[in-house]
Every structure is written in structure tokens, then in C-alpha cells.
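Residue-level structure breakdown
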Amino acid sequence: MSQEKSVKLSSGHMMHLLGLGCWQSPPEELSAAVEAALDAGYRHIDTAYNYLNEEAVGKGIHDWMNKATAAQPRKDIFVVTKLPMIGMYAGGVEEYLRKSLKKLNLDYVDLFLIHHPVGFKGAAHDKDLMPKDKNGMVNLDYGTNHIELWKEMEKMVDLGLTKSIGVSNFNANQIRRLLAIARIPPAVQQVEMHLEFQQLELQKFCQENNIFMTAYGPLGSPGRQLPGEAYKPQLLNNALVKMIADHHKVTTAQVLIRYWIQRNVVVIPKSTNKGRIQVNGNVWGFHLSEQEMEALLGMNKGPACRSFRQMSRIPGITDHVECPFDS
Ligand code: A2P
């Protein structure tokens, strides 16, 4: 059975199911990684203002577009960036999107996401991503108004600065509130998703509301430095995943990526290693059977296996009315 490489968003635009994740990618490695990804057939690059590497992403895209052998138009590449938590105030959406576009050296992005539902205030400068109050605590913004913010997001589409808009790390109730007032509904919700934490309820909710999901951390994010108590999924050497990978003569990473593609979930494995970028991108030549998909679905253990908890550890954030998750 052949698998489409793109899905059609509610905005009418096509989005590639496979993208290159760029969180924690060192800028000095990233331009070459983006080029390698585009060479390997990726047509979707996911970055964020907060990653502090948009210049490198932009350079990689431009280097690739300018290559004599490849000469590809901008419209063939799907570029995603995100509104930082310090930009979640009236006027901040346009201000920060324009900053991102300048760094990316692009006229528009394909998708602009609100990075996280809780805003921070009082940034002293552009790179002050977690501003602190006088007691050294992260300065949470209790005045963030998602409805006002969403109206500004819609304006970004009207201005032609982004083709589509969406959210990241939101819960279903927060999305519901946006859907109730949206002139342009959120097209995408990006959250952590991997085999042990498949977000099945959120998937159902998003599907019912014509919102595509993007899975970040699909490999279990093995390279991350995490505090001792954090849950560290061991997916790349999981016995079941290995058995399925061996059966198809592919790597476990390819199975972890292909699974989401077959579920029509956009997936953005991160790598700056050319070889791994190529392997991760080589997921179109095999098909997981229904039984294999069922078996992999059975690995889901739910929210206990959420591994991205760094935001939840910010003192006071779990008491914030817009804190998206229980834990
Ligand atoms: P590297 O950038 O050195 O390749 P996730 O997308 O789940 O957050 O995982 C990203 C992490 O997984 C990075 O540390 C990345 O390291 C590593 N990684 C990416 N692809 C592979 C692969 N095919 N095999 C093993 N590790 C990988």
C-alpha cells in the first residue's frame, strides 16, 4: 500500500508528514544538517524562536535552494516556527514572528505555532527566554489571554507572514476554547508523542476537530540530559521494536518514525548527524502490517511516560490556570 508523504491541513495547505526536528541542535551543526535533510528528501523543517537556531535553519534552507543541482523553489519546503513564551502579549505575536522571519531570512513561514500555553513576562532582552523576577523565580504571566492571542495569530495569516497557524503543548480544553472563537481554526497541535506515550485521547480529539498532530520526541529523545527522576524512554533498543525492525530489515529508529506516519501523525525526529538524518528519512519503502501496528499501539502506557517535563518543573507553573498538563 503506498503512503502519501503529505497531509492536507484545514488551512488548505499541504504539510509533509516527515520533518527534521531542531530542538537542541547546535547552530554550528544545523545548517549542514538542514541541507542534508533536504538532500535526503525531507521537505519540512521544524524550529522555534526559543531554540535560538533559526539563523542556522535559514542558512541551511538558502544554501540548499541555491545549490545548482537542486535549485528548488521556497514553496516546496514547509517551515515551522513558534511564538516564544516571552512574546505572548498584545503586539508580541507579530513582533516575534517578524523577528523569526528575519532570522530565517524568509518572507513567510508555512506554520506558526504558539509554543506553550503559559506566557512569561519581563524579558530584559531578545534571548531572555525565561525572565526571572526579583526573587529569581521565572516570571509567569498570569494575564495571558489565549483568545486575544489567537486573534493576533489569525492576523499573521491575513498579513501573509504564515500560511497556517496552530498550537503546541496545549491540552484539549485549551484548544476547544480556541475552536469556539476561531475564524481560522488551529490546523496543527504539536506535542510529545512516542510509543510509550501515544496521547490517544488527544489524538481522537484532534482527529474529530480536523487538527493534525505533530509528534516531537518520537525516538524518546535519547540525547537529552535529564534530571535523575525524569522518565527516559528506551525505545531504540526495545525488544518488540527491534523484532519488527529486523523483520523489515530497517533500524528501530525507522520503525519508531514510520509508526506515526502510518497513523497520519506528522513526525519530526531530531538529528544533526548526516547518516542518521538519511536513515530516519528513509521510511517510505516499507509498510508496517496491521498486526505490527496493533502490537506497537500496545506499548502505550500513558501520561506516566511523558518525558518532557521541564516546563512543569518551573516553580508555581502547575498552579497557573493555563498549565496544560496535570503533571
Ligand atoms: P543526533 O542528533 O546525534 O543524531 P528525538 O527526536 O526523539 O528527540 O530524538 C533525538 C535524539 O535521538 C538526538 O539525540 C539524536 O542524536 C538521536 N538520534 C536521532 N536519530 C537517531 C537514530 N537513527 N539512531 C539513534 N539515535 C538517533
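Our structure's up above, just so we're on the same page.
Cut-offs applied
- Residues numbered from 1 in each chain as written.
- Predicted model: local features only at pLDDT ≥ 70, side-chain atom pairs only at ≥ 80, totals over all residues.
- Heavy atoms only, no water.
- Near = heavy atom within 4 Å.
- Polar contact = N/O pair within 3.5 Å; in protein donor to acceptor, adjacent residues only side chain to side chain.
- Areas by Shrake-Rupley, 256 points an atom, 1.4 Å probe, with all protein chains shown as cover.
- 1 Å grid on protein atoms, 1.4 Å probe; cavity = no way out; pocket = protein on both sides within 12 Å on 5 of 7 lines; lining within 4 Å.
- Sits in = over half its atoms within 2 Å of the grid points.
- Nonpolar A, V, L, I, M, F, W, Y, C, P; charged D, E, K, R; others polar.
- Phe/Tyr/Trp six-rings, centres within 6.5 Å; stacked < 30°, edge-to-face > 60°.
- Helix = DSSP H or I, 4+ residues; strand = E, 2+ residues; numbered from the N terminus.
- Buried < 20%, exposed > 50% of the residue type's maximum accessible area, 1.4 Å probe, protein only.
- Lys NZ or Arg CZ within 6 Å of the ring centre and 35° of its normal.
- Salt bridge = Lys/Arg side-chain N within 4 Å of Asp/Glu carboxyl O.
- Pairing = 2+ DSSP bridges.
- Contact = heavy atoms within 4.5 Å.
- Axes fitted to C-alpha atoms, helices over the stretch in contact; angles between N-to-C directions.
- Points joined across faces, edges and corners; volume = space filled by probe spheres on them.

In the vicinity of the ligand, 16 residues are found, and the nearest of them are L219, S221, K270, S271 and R276. The backbone of G220 places a nitrogen or oxygen atom 3.3 Å from an oxygen atom of the ligand. Within the complex, 81% of the 570 Å² of free accessible area of the ligand lies under protein. A molecule is said to occupy a pocket when more than half its atoms come within 2 Å of that pocket's grid points, and by this definition the ligand occupies the largest pocket. The class makeup of the residues in the shell around the ligand is six nonpolar, eight polar and two charged.

It is worth spelling out the packing of aromatic side chains at this point. Enumeration over the complete set of coordinates arrives at four aromatic pairs. Centre to centre, the rings of W23 and F308 are 5.4 Å apart; their planes meet at 55°, and the pair counts as tilted. Here the residue W23 occupies a position in the loop between β3 (20-21) and α1 (27-39), and F308 occupies one in the segment after α10 (290-297), the gap between them amounting to 285 residues. In this structure W23 comes out as partly exposed when scored by relative accessible area, which is 27%. Seen from their ring centres, Y49 and Y96 are 5.1 Å apart, and the 85° between their planes marks the pair as edge-to-face. Of the two residues, Y49 sits in the loop between β4 (44-46) and α2 (54-66) while Y96 sits in helix α3 (residues 92-104), which places them 47 residues apart along the sequence. Cluster of aromatic residues (ring-pair linked, three or more members): W23, Y216 and F308. Sitting over the face of the ring of Y108, R74 holds its NZ or CZ atom 4.1 Å from the ring centroid.

The next point concerns the pattern of salt bridges. Scanning the model with the defined rule gives 15 salt bridges in all. Linking K75 and D76 is a salt bridge whose minimum nitrogen-to-oxygen distance equals 3.4 Å. Of the residues examined, D76 reaches a relative accessible area of 25% and is grouped as partly exposed. Among the salt bridges present, the one from K155 reaches E94, with a minimum N-O distance of 3.5 Å. Here K155 is found in helix α4 (residues 146-158), whereas its partner E94 is found in helix α3, with 61 residues between them in sequence.

What follows deals with the sheet that holds strand β10 (residues 188-192). Strands pair in a sheet through their backbones, by hydrogen bonds, and they do so in one of two ways: parallel or antiparallel. Pairing in this open sheet of eight strands is parallel, and the strands run β3-β4-β5-β6-β9-β10-β11-β12 from one edge to the other. Both outer strands of the open sheet, β3 and β12 (266-267), are each paired with one neighbouring strand and no more. Contacts from α3 reach β5 (78-83), β6 (109-114) and β9 (162-168) within the one sheet, and its direction differs from that of β5 by about 135°.

The subject of this paragraph is the layout of surface pockets. As a volume, the largest pocket reaches approximately 1,000 Å³. W23, Q24, S221, R224 and F308 are, among the 48 residues lining the largest pocket, the residues nearest its centre. Listing elements by their share of the lining of the largest pocket, those giving two or more residues are β10 and α9 (274-281). Looking at the lining of the largest pocket residue by residue, the classes come out as 23 nonpolar, 18 polar and seven charged. Lining of the second largest pocket is provided by 20 residues; of these, Q199, E201, L202, P303 and R306 occupy positions nearest its centre. Contributions of two or more residues to the lining of the second largest pocket are made by α5 (172-181) and α6 (200-208).

By themselves, these are just geometric observations and shouldn't be taken as functional.
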